[in-house]
Amino acid sequence: MINYSARWNLKMIDGLIAGKIFGQPKQGQGKNGSYVTAKVRAATEQDTIFVNIICFNQQACIQLLALQDGDSVSVAGSLTPRVWDSQDGPRPVLDMVAH
């Protein structure tokens, strides 16, 4: 069993994640232009980790919007690890700014 109770104190790191789209990617509009958010469910040997993806690059946004719930995907970008306090206790979560 992995102990997730310790808080990670890391900065962004470059990474590549692979998993399945969870839900439907969504487009939004900010002060500096449009963006797309998506959630990816990535399986590990012991657990499932959810990765919150945001992209600002137009080509990456188009590609994310073309995906549906359950589609397989690999995404590269800058990762920030954090801990989410769920009803079942602390869980690891990754936030990614896609390249």
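Residues numbered from 1 in each chain as written. Predicted model: local features only at pLDDT ≥ 70, side-chain atom pairs only at ≥ 80, totals over all residues. Heavy atoms only, no water.

A.B. asks: Sorry, what's going on with the overall build of the chain here?
C.D. replies: Across its full length, the chain carries one helix and six strands. Mapped from its N terminus to its C terminus, the chain presents α and β elements in the order β-β-β-β-α-β-β. Across the 99 residues that make up the chain, the buried fraction comes to 33%. On the chain, roughly 6700 Å² of surface is accessible, and the fraction owed to carbon and sulfur atoms is 52%. (Helix = DSSP H or I, 4+ residues; strand = E, 2+ residues; numbered from the N terminus. Buried < 20%, exposed > 50% of the residue type's maximum accessible area, 1.4 Å probe, protein only. Areas by Shrake-Rupley, 256 points an atom, 1.4 Å probe, with all protein chains shown as cover.)

A.B. asks: Help me out: how do you make sense of the packing of aromatic side chains in this one?
C.D. replies: Two numbers describe a pair of aromatic rings. These are the distance of the centres and the angle of the planes. Inspection of the entire model under this criterion finds two aromatic pairs. An angle of 65° between the planes, with centres 5.1 Å apart, marks the rings of Phe 22 and Phe 50 as edge-to-face. Taken together, the positions of Phe 22 in the loop between β1 (13-21) and β2 (26-30) and Phe 50 in strand β4 (residues 48-55) put the pair 28 residues apart, joining distant regions of the chain. We classify Phe 22 as partly exposed; its relative accessible area is 38%. (Phe/Tyr/Trp six-rings, centres within 6.5 Å; stacked < 30°, edge-to-face > 60°.)

A.B. asks: How do you make sense of the nonpolar core when you look at a structure like this?
C.D. replies: Soluble globular proteins tend to pack their nonpolar side chains together in the buried interior. Formed by 19 residues in total, the largest nonpolar core has its most connected members in Ile 17, Val 51, Ile 53 and Leu 64. For this core, the secondary-structure elements that each account for two or more residues are β1, β3 (33-43), β4, α1 (58-65), β5 (72-86) and β6 (89-98). Here this core takes four residues from β4, the largest share from any one element. If we ignore the near neighbours within four places in the chain, the residues touching Leu 64 are Ile 21, Pro 25, Val 36, Ala 38, Ile 53 and Cys 55. (Core = buried A, V, L, I, M, F, W, Y, C linked by side-chain atoms within 4.5 Å. Contact = heavy atoms within 4.5 Å.)

A.B. asks: What exactly am I supposed to notice about the pairing of β1 here?
C.D. replies: Each regular strand shows side chains that alternate between the opposite faces of the sheet. Here β1 pairs with β5 via eight bridges, running antiparallel. The residue of β5 that forms the bridge with Asp 14 is Ser 78. Strand direction decides the pairing type here: β1 and β3, joined by two bridges, are antiparallel. Residue Lys 20 lies in a different strand from β3, and its bridge partner there is Arg 41. (Pairing = 2+ DSSP bridges.)

A.B. asks: Teacher, can you tell me more about the side chain of Ser 86 here?
C.D. replies: Tracing the sequence through the fold places Ser 86 in strand β5. For Ser 86, a relative accessible area of 15% translates into the label buried. Here the side chain of Ser 86 touches Gly 89 through a polar contact of 2.6 Å, landing on its backbone oxygen. (Polar contact = N/O pair within 3.5 Å; in protein donor to acceptor, adjacent residues only side chain to side chain.)

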